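# Structure at a glance
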Amino acid sequence: MPATEPTKIRNIAVAGHRGVGKTSIVEALLYEAGKVNRLGSVEQGTTVSDWEEHEQRRAMSLSGSLCHLEWKDRKINLVDTPGDAGFQADTYAALRVVEGVLVVMSGVMGVEVNTSRVWQRAEQQELSRVVFVNMLDRERADFYRVLEAARQQLSDRCVAIQLPIGTEHELTGIVDLLHMCAYMDPSGGREGGPQPIPDSMTDLVQEHREKLLDAVVETDEELMGRYLEGEELDPDAVAQALKQAVTRDELYPVACGVATKNLGTTALLDLLVEGVPSPARKGTTIEFGDAKQAVFIFKTIADPFTGRISLFRVLAGPVSGDTTLVDPRTHAKERLGQVLLLQGKDSEPVEALGIGDLGAVAKLKDVVTGDVLVDHEVAVEPPHIDFPEPVMSFAVTPQAKGDEEKMATGLRRLHEEDPTLLLRRDPQTGEQLLSGLSQMQVEVAVDRLKSRFNVDVELHPPRVPYKETIRKEATARHRYKKQTGGRGQFGDCAIRIEPLPAEDGELGYEFVDKIVGGVISQSYRPAVDKGVREAMEHGELAGAPIQGVRVVLVDGMEHNVDSSEMAFKIAGSMAFKEAYQKAEPVLLEPIMELEVTVPDDSVGAVNGDLNSRRGRLHGMAPTGGMTTIQAEVPMAEILTYSQALTSMTGGRGDYSMHFLRYEEVPTHVAQKIIEQTKREREEANV
Ligand SMILES: Nc1nc2c(ncn2[C@@H]2O[C@H](COP(=O)(O)OP(=O)(O)OP(=O)(O)O)[C@@H](O)[C@H]2O)c(=O)[nH]1
Ligand SMILES: [Mg+2]
């Protein structure tokens, strides 16, 4: 099988909020295209893309999954991504290797927190977008309400390209406004061909067909002329203009259906082929020099049995099996044995993959997610996936003594799969800390450690990643001097420290060298910087890292025999500690954006509880018997929220949270944390 031409490929990430039916849609698309013989279901754990044991057990996607199908002589690669906030690493990675995103929304809930997040990412990366309003068979689902919400909250260039026939449990089909035909509910079977549009829909269809045509012709002058002259436009010409508009991000078509019944898939497949640009049109922004063969690794699967599987996008090619490429990051040669096509967990070898195609290869040696492999050593600008920072940490210990190494190895492998999952040692307490984006993500890691690496570990209460910073300018001078027989030690430096404003919401660090007349020689100045950095790792208040500081080295002195880098490093570190005390140091805590969805009758209790957790409410939206509450809450107050929510709502509540920013801890709370740190330090010293 020769490599597919880039013009014939569509790469699409299926993304959106948790539980809106992304996996079910991928399943339906594969089924409609004849890739699977029966429509699998998430509840029964029989879908192609939720293939992993833990995904099936929890009935949700935990990692990105690659599938492919053929439709109208085009190859569509689909990356099904997880909607849960804790598993966004794969979602962000997937957005790096596609031209289009299928943004899925629930017909009941409409635009949710992660819908907006995915939308923003896609916006930043100028990805084309198609929206799918799913679950229209559910009670209180309303296509037009969701369409309006999308136009208000995502973009006013969202335009309906399909309409539902009937509502809720009386939904019987959908209308395709582009080809002017209908598809009737196949109730889980294959969709029959196009049908005439029911007469009862005539007015509504007319209205929305006009809106669609208006939106499309507005982006195409030539077509606009013909349209204004009253010419009947053929679907091909409209589709052409639509694709141009979607490619340029000028239009976002909104489709609809019911994934679990396989309703709406024919029209959706047509739309993906006709509306989404191919890699030949939109291409990649990844730099790989003049390499004739290049691949970008966007995901790694660490399987203890089959070994490492690396998923890639072909940047330059074709790339075939039995090829040796080089990783400019490690300079190591990496042999590609067989090039594979993936269908969830199943793989199939292919001769070659062409530019823009997505595939996989097993058993590369030292390759990590984010690497680019090329045919010869060239300067490569690896793309930046920009994974979110871990926001919560749990202390972990193996249950059996002696399993420390096994636990560490397992977690290292899991980190390869999900770079937002980090294991590190707390230098203060010596504990092993496992950090991630959510409690569930960390719990899933623990489950996987057991099932894949056969090691039982225990999680201990999470720790809040406090930070420290300063509010005022201060100066200090420290002379480090030792004369003990032989050669002594001498380093002397004067520094000024001042608050450094956050950049893009990130607190940083800056070292400015203002030494005049060479009072400290050039070679010792970086040592002062190093000493300062070391001192900043653990602030005096709570042992938390200090950020948001500019350090200016203003003066100093050196000794022509006794000075050394070591002496200046110590002097720098001591000077910083002295200045820090005087600079009005303050404690910062992470603030989370919390979205809680609860039954209407528990809203009062949940709001009251959030108040007592120092939460700030800033939005409530009732939808279909449930209310979504939005609030900002300090992370320290919601570490164990899931138990509380379960008891307040009788298990019917759900929540998700994202890190927002750091804020100063209120004085009375900070005082307690500082005292607690002091006590712990004293105990550790006894
Ligand atoms: N009634 C109805 N249920 C649906 C529909 N689509 C999906 N579901 C159900 O909704 C639940 C979630 O579906 P998934 O396909 O797992 O949703 P997802 O978006 O992949 O979820 P995550 O990957 O966990 O974010 C499952 O129980 C599905 O059976 C639909 O169109 N109608
Ligand atoms: Mg899913």
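Scroll up to find the structure this text is about.
Residues numbered from 1 in each chain as written. Chains lettered and ligands numbered in written order. Predicted model: local features only at pLDDT ≥ 70, side-chain atom pairs only at ≥ 80, totals over all residues. Heavy atoms only, no water.

### A look at the side chain of T47
Note the cut-off: Labels follow the DSSP assignment, with helices taken as runs of H or I lasting at least four residues and strands as runs of E lasting at least two, numbered in each case from the N terminus. Here a polar contact means two N or O atoms within 3.5 Å. Within protein one must be a hydrogen donor candidate and the other an acceptor candidate, and residues neighboring in sequence count only if both atoms are side-chain atoms. When checking whether two residues touch, look at their non-hydrogen atoms; a contact exists if any pair is within 4.5 Å.
If you trace the backbone, T47 turns up in the loop between α1 (22-32) and α2 (53-58). Polar side-chain contacts of T47 include one of 3.2 Å to the backbone nitrogen of D50. In contact with T47, other than residues within four places in its own chain, are T23, E27, G40, S41 and V42.

### Brief notes about the site of ligand 1
The line we're drawing: Working definition: residue near molecule or strand if any one of its non-hydrogen atoms lies within 4 Å of it. Per-residue and other accessible areas were derived by the Shrake-Rupley procedure at a 1.4 Å probe size, with only the shown protein chains allowed to occlude residues. Definitions used for this entry: grid spacing 1 Å over protein atoms alone; cavity, a set of points where a 1.4 Å probe fits but cannot get out; pocket, an open set with protein on both sides within 12 Å along at least 5 of 7 lines; lining residue, one with an atom within 4 Å of a point. Any molecule with more than half of its atoms within 2 Å of a cavity's or pocket's grid points is counted as sitting in it. Residues are grouped as follows: Ala, Val, Leu, Ile, Met, Phe, Trp, Tyr, Cys and Pro are nonpolar; Asp, Glu, Lys and Arg are charged; all remaining types, including Gly, are polar.
Near ligand 1 you find 20 residues, and of these K22, T23, S24, E43 and S61 are the closest. Contacts to ligand 1 include N134, whose side-chain N or O atom sits 2.9 Å from an oxygen atom. One nitrogen or oxygen atom from the side chain of T260 is found 3.2 Å from a nitrogen atom belonging to ligand 1. Protein coverage of the free-state accessible area of ligand 1, which is 640 Å², stands at 90%. Among the detected pockets, ligand 1 sits in the second largest pocket. When residues of the shell around ligand 1 are assigned to their parent elements, the largest contribution, three residues, is made by α1. For the shell around ligand 1, a count of residues per class yields six nonpolar, nine polar and five charged.

### Digging into empty space enclosed by the protein
Quick note on the threshold: Grid points are joined across faces, edges and corners, and a volume is the space filled by probe spheres set on the points.
Enumeration according to the criterion identifies eight cavities of 30 Å³ or more in this entry. For the largest cavity, the calculated volume is near 90 Å³. Lining the largest cavity are S49, W51, E52, E55, S63, G64, K299, I301, E417, R448 and R452. Residue assignment for the lining of the largest cavity shows that the elements contributing at least two residues are β11 (294-303) and α12 (439-453). Looking at the lining of the largest cavity residue by residue, the class counts come to two nonpolar, three polar and six charged.

### With respect to the sheet that holds strand β6 (residues 158-160)
Put simply, the rule is: At least two bridges found by DSSP between two strands are what make those strands a pair. Interaxial angles span 0 to 180 degrees and are taken between N-to-C directions of axes, which are lines fitted to C-alpha atoms, for helices over the stretch in contact.
Spatially, β2-β3-β1-β4-β5-β10-β6 is the arrangement adopted by the seven strands of the open sheet, whose pairing is mixed. Two strands close off the open sheet at either side, each with one partner strand: β2 (65-71) and β6. Sheet twist, expressed as the average angle between the axes of neighbouring strands with direction ignored, equals 30°. Inspection of the sheet shows β6 paired to strand β10 (residues 252-256) by three bridges, in the parallel sense.

### Here we look at the packing of aromatic side chains
What counts, and what does not: Aromatic rings from Phe, Tyr and Trp, taking only the six-membered ring of Trp, are treated as a pair when their centres fall within 6.5 Å; an angle between ring planes under 30 degrees marks them as stacked, one over 60 as edge-to-face, and anything in between as tilted. Each residue's exposure class comes from its accessible area (1.4 Å probe, protein chains only) as a fraction of the maximum for that residue type: buried when under 20%, exposed when over 50%, partly exposed otherwise. Comment: the charge-over-ring label is applied if NZ (Lys) or CZ (Arg) is within 6 Å of the ring centre and within 35 degrees of the ring normal.
Inspection of the entire model under this criterion finds six aromatic pairs. Between the aromatic rings of Y641 and Y655, the centroid separation amounts to 5.1 Å while the plane-to-plane angle is 90°, which identifies the pairing as edge-to-face. With Y641 in helix α16 (residues 641-649) and Y655 in strand β33 (residues 654-664), this pair connects stretches of sequence that are 14 residues apart. Judged by its relative accessible area of 0%, Y641 falls in the buried class. Directly above the aromatic system of W119 lies the positively charged group of R129, at a separation of 4.7 Å from the ring centroid.

### Some points on the coordination of the magnesium ion (ligand 2)
Just so we agree on the cut-off: In this description, a donor is an N, O or S atom within 2.8 Å of the metal centre, a cutoff extended to 3.2 Å for sodium, potassium and calcium. Water is not part of the atom list, which can make sites seem incomplete.
Every protein donor of the magnesium ion (ligand 2) is listed here as T23 (OG1) and S61 (OG), and their distances to the metal cover 2.0 Å. Linking T23 in helix α1 with S61 in the loop between α2 and β2, this pair joins segments that are 38 residues apart in sequence. Under the relative-accessibility criterion, S61 is labelled buried at 9%.

### Quick look at the state of the cysteines
Working definition of a disulfide: a covalent bond connecting the sulfur atoms of two cysteines. Selection rule: Any two cysteine sulfur atoms lying within 2.5 Å of each other are counted as a disulfide.
Tallying each qualifying case throughout the model produces zero disulfides. Left unpaired, C256 is separated from the closest cysteine sulfur, that of C181, by 12 Å. Residue C256 is classed as buried on the basis of its relative accessible area of 0%.

### Quick word on the environment of A291
With respect to the helices and strands, A291 occurs in the loop between α10 (279-282) and β11. The spatial distance from the C-alpha of A291 to the C-alpha of L373 is 9.4 Å, given a sequence separation of 82 residues. Beyond its immediate stretch of four places on either side in the chain, A291 contacts A316, V374, D375, H376 and V378.

### A look at α12
So the rule is basically this: How far a helix is expected to stretch is found by multiplying one less than its residue total by 1.5 Å.
In a regular helix each residue adds 1.5 Å, so 15 residues correspond to 21 Å; α12 covers 20 Å between its end C-alpha atoms and thus fits that length. Here the buried face of α12 lies against α2, β11, β21 (392-398), α11 (404-417), β23 (432-436) and β24 (457-463). Looking at the residues trailing α12, positive phi occurs at N454, about 55°.

### Digging into the sheet that holds β24
Taken together, the four strands give an open sheet; going across it, the order is β22-β23-β21-β24, and neighbouring strands pair in antiparallel fashion. Pairing within the sheet leaves two strands with one partner each, and these edge strands are β22 (422-425) and β24. In this sheet, neighbouring strand axes are inclined to one another by 35° on average, regardless of whether the strands run parallel or antiparallel. Against the sheet, α11 makes contact with β21, β22, β23 and β24, and its axis sits at roughly 140° relative to β21, the strand it touches most.

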